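So you can see what is in the structure, the chains are spelled out below.
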Amino acid sequence: MRPVISPGWTRPARPEMSGEATYLRHHLRGLDNWNPTATSAGEHLQQVRRMDLNECPYPPSPKVQAAIEGVFARLNRYADGSCPELAARLSATTGVRVPNILFGPGSTQLLKCIIEISAGPGDNVVSPSLLWHRFHGIYEALEADATLVANRPDGSIDVAQLTRAIGNRTRMLVVITPNNPTGMMLSEDELRHVILQTPDNVLLFVDEAYHEFAMHAGGPDALRMLQRERSGPWIVSRTFSKAYALAGLRLGYAMCSSPEIANAVRLMSSTFVVSAFAEAAALAALDDPDYSTFIVEDTARERSRIIEGLRALGCEPMNSVTNFVSADVGRPGIDVVAAMRERGIRIARWAYPEYGNYIRVSMGAPEDTDAFLDALAEILGTS
Ligand SMILES: Cc1ncc(COP(=O)(O)O)c(C=O)c1O
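Caption draft 1: How the structure looks around the side chain of Arg 230. Counting through the fold element by element, Arg 230 comes out in the loop between helix H8 (222-229) and strand S7 (234-239). An unpaired buried charge is present at Arg 230: no salt bridge exists, and Asp 200, the closest side chain of opposite charge, is 4.4 Å distant. A polar contact of 3.1 Å, which involves the side chain of Arg 230, links it to the backbone oxygen of Pro 199. The contact partners of Arg 230, leaving out residues within four places of it in the chain, are Ile 195, Thr 198, Pro 199, Asp 200, Val 202, Leu 204 and Met 225.

Caption draft 2: Main features of the nonpolar core. With 44 residues, the main nonpolar core has Leu 86, Phe 103, Leu 173, Leu 204, Phe 240, Leu 246 and Leu 251 as its most contacted residues. With 6 residues, the top contributor of residues to this core is helix H10 (residues 276-286). Those residues within four positions of Leu 204 in sequence are excluded, and the remaining contacts are Leu 173, Val 175, Val 194, Ile 195, Thr 198, Leu 226, Arg 230, Pro 233, Trp 234 and Ile 235. Counting residues in hydrophobic clusters, the runner-up holds 33 residues, among them Ile 114, Ile 138, Met 172 and Tyr 358.

Caption draft 3: The arrangement of the sheet that holds strand S10 (residues 324-328) in detail. With respect to topology, 4 strands assemble into an open sheet ordered S9-S10-S13-S12, the strand pairing being antiparallel. This sheet does not close on itself; its edge strands, each paired only once, are strand S9 (316-317) and strand S12 (348-349). In terms of strand pairing, S12 meets strand S13 (residues 358-362) through 2 bridges, oriented antiparallel. Across the sheet, the residue bridging to Ala 348 is Arg 360, located in S13.

Caption draft 4: Here's a closer look at the pattern of salt bridges. Taken as a whole, this structure holds 19 salt bridges when the rule is applied. Across the salt bridge formed by Glu 116 and Lys 112, the nearest N and O atoms sit 3.9 Å from each other. Of the two residues, Glu 116 and Lys 112 are both situated in helix H3 (residues 107-116); the distance of 4 residues between them amounts to about one turn of the helix. Residue Glu 116 is classed as partly exposed on the basis of its relative accessible area of 24%. Judged by relative accessible area, which is 31%, Lys 112 ranks as partly exposed. Of the charged contacts in the structure, one is a salt bridge between Asp 123 and Arg 171, with a shortest N-O distance of 3.4 Å. Separated by 48 residues along the polypeptide, Asp 123 in the loop between H3 and strand S3 (124-128) and Arg 171 in strand S5 (residues 170-176) bring together distant segments of the chain. Taken together, the shared-partner salt bridges connect Glu 188, Asp 189, Arg 192 and Glu 229 into one network.

Caption draft 5: Highlighting the sheet that holds strand S4 (residues 145-149). If you trace the 7 strands from one edge of the open sheet to the other, you get S2-S8-S7-S6-S5-S3-S4, paired in mixed fashion. Taken across any chain shown, the strands that pair with only one partner, and hence form the sheet edges, are strand S2 (101-104) and S4. In this sheet, neighbouring strand axes are inclined to one another by 20° on average, regardless of whether the strands run parallel or antiparallel. The pairing of strand S6 (residues 203-207) with S7 spans 4 bridges and is parallel. Residue Phe 205 lies in a different strand from S7, and its bridge partner there is Ile 235. Across the sheet, helix H2 (residues 84-94) touches S2, S7 and strand S8 (252-256), and the angle it forms with S2 is around 130°. Its contacts with the sheet place helix H9 (residues 259-268) against S2, S6, S7 and S8, and it is angled at close to 20° to S2.

Caption draft 6: Representation of the site of the ligand within the structure. As a structural note, the neighbourhood of the ligand is formed by 13 residues, with Ser 107, Thr 108, Tyr 210, Thr 239 and Ser 241 the closest of them. Side-chain polar atom of Asn 180 to an oxygen atom of the ligand: 2.8 Å apart, as the coordinates give it. Note that an oxygen atom of the ligand is positioned 2.6 Å from one of the side-chain N or O atoms of Tyr 210. Split by residue class, the shell around the ligand holds 4 nonpolar, 6 polar and 3 charged.

Caption draft 7: View of a nonpolar patch on the surface. On the surface, a nonpolar cluster with roughly 410 Å² of combined accessible area is contributed by Tyr 23, Leu 24, Leu 28 and Leu 31. In this structure, Leu 24 sits in the segment before strand S1 (49-50).

Cut-offs applied
- Residues numbered from 1 in each chain as written.
- Predicted model: local features only at pLDDT ≥ 70, side-chain atom pairs only at ≥ 80, totals over all residues.
- Heavy atoms only, no water.
- Helix = DSSP H or I, 4+ residues; strand = E, 2+ residues; numbered from the N terminus.
- Buried < 20%, exposed > 50% of the residue type's maximum accessible area, 1.4 Å probe, protein only.
- Lys, Arg positive; Asp, Glu negative; His and termini not counted.
- Salt bridge = Lys/Arg side-chain N within 4 Å of Asp/Glu carboxyl O.
- Polar contact = N/O pair within 3.5 Å; in protein donor to acceptor, adjacent residues only side chain to side chain.
- Contact = heavy atoms within 4.5 Å.
- Core = buried A, V, L, I, M, F, W, Y, C linked by side-chain atoms within 4.5 Å.
- Pairing = 2+ DSSP bridges.
- Axes fitted to C-alpha atoms, helices over the stretch in contact; angles between N-to-C directions.
- Near = heavy atom within 4 Å.
- Nonpolar A, V, L, I, M, F, W, Y, C, P; charged D, E, K, R; others polar.
- Patch = residues over 30% accessible without salt bridge, like charges linked within 9 Å, V, L, I, M, F, W, Y side chains within 5 Å.
- Areas by Shrake-Rupley, 256 points an atom, 1.4 Å probe, with all protein chains shown as cover.

Put into structure tokens, the structure is as follows:
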């Protein structure tokens, strides 16, 4: 049976170009500017509630500050991008060998390098259609032939259809768990299905940017399962941006089933990409487990409040386990985002035309939750 293929995300039409930029590769001509971190004129960060980028609302652990200060005198030197002490620490906790671990300036940058080791122009990648839209940008940038498999009606990943979509030309299968923008994670059985039904000649890539939240919610540990149950190749990516409150530091890492795969990703990345602050900050964050526990617990509490609040307003929130919640608000998300922004609250909408009524809100501090729910009641006319 053919899998259900959904076009999913579609890039906005490009303007007709007069004087076509022939010096650019064909698919890179006429692209629009895109910067999700841009702040509009007059929007001072101090006054704005940032609930749009799935950041942590709290500063990092005080231990991180002390560690960063200690690095200052070494900033004249390039840092050792292999982060030897951090790699050894992660190796000890995960069982992944040091040569199989690599670092990048956030996992975002690693995603492209990871996909690039398997997929060049025309190479087939199988992926859910509903996933963090950066992936669509990567497939496009690489001119990969992406088979986008429709998610189930509730937004969850249809693992049976996903593995059925693997063909003779498939080089990589991508899953994100928990997924963005749904916030939903794969169950242990679903992960096992993906692990066992992805053939050994296909690289299985699991983005676990929200791993710590999934663990707190009792989810399966994709890495452990891959180590125990998969005979074929795999990569797991994780980040210090979310549960360790280090989004501005830019540090992500990938753990690979072999040094050969890790070296391929290293080559696609570059030298000198990891900041001198990164390793010291990450080690300090790992040295303060109480602080990251506070973050995931606080996140879970605010997530429950947001989900309940959305339901009380007649919206349909998704079953998120992460630091963000998406919901059908019954009217165009773009309008709700704009109305929130007028009230000093930044939230996101979904970049998928068929989900035009969906918004995504990242967890903030308790007072951010209050402000968001009050504003939404006002915007929806239910206050
Ligand atoms: C699924 C997913 N992967 C990766 C990232 C990137 O995280 P970072 O580049 O900060 O490590 C994000 C960010 O929101 C994400 O949602």
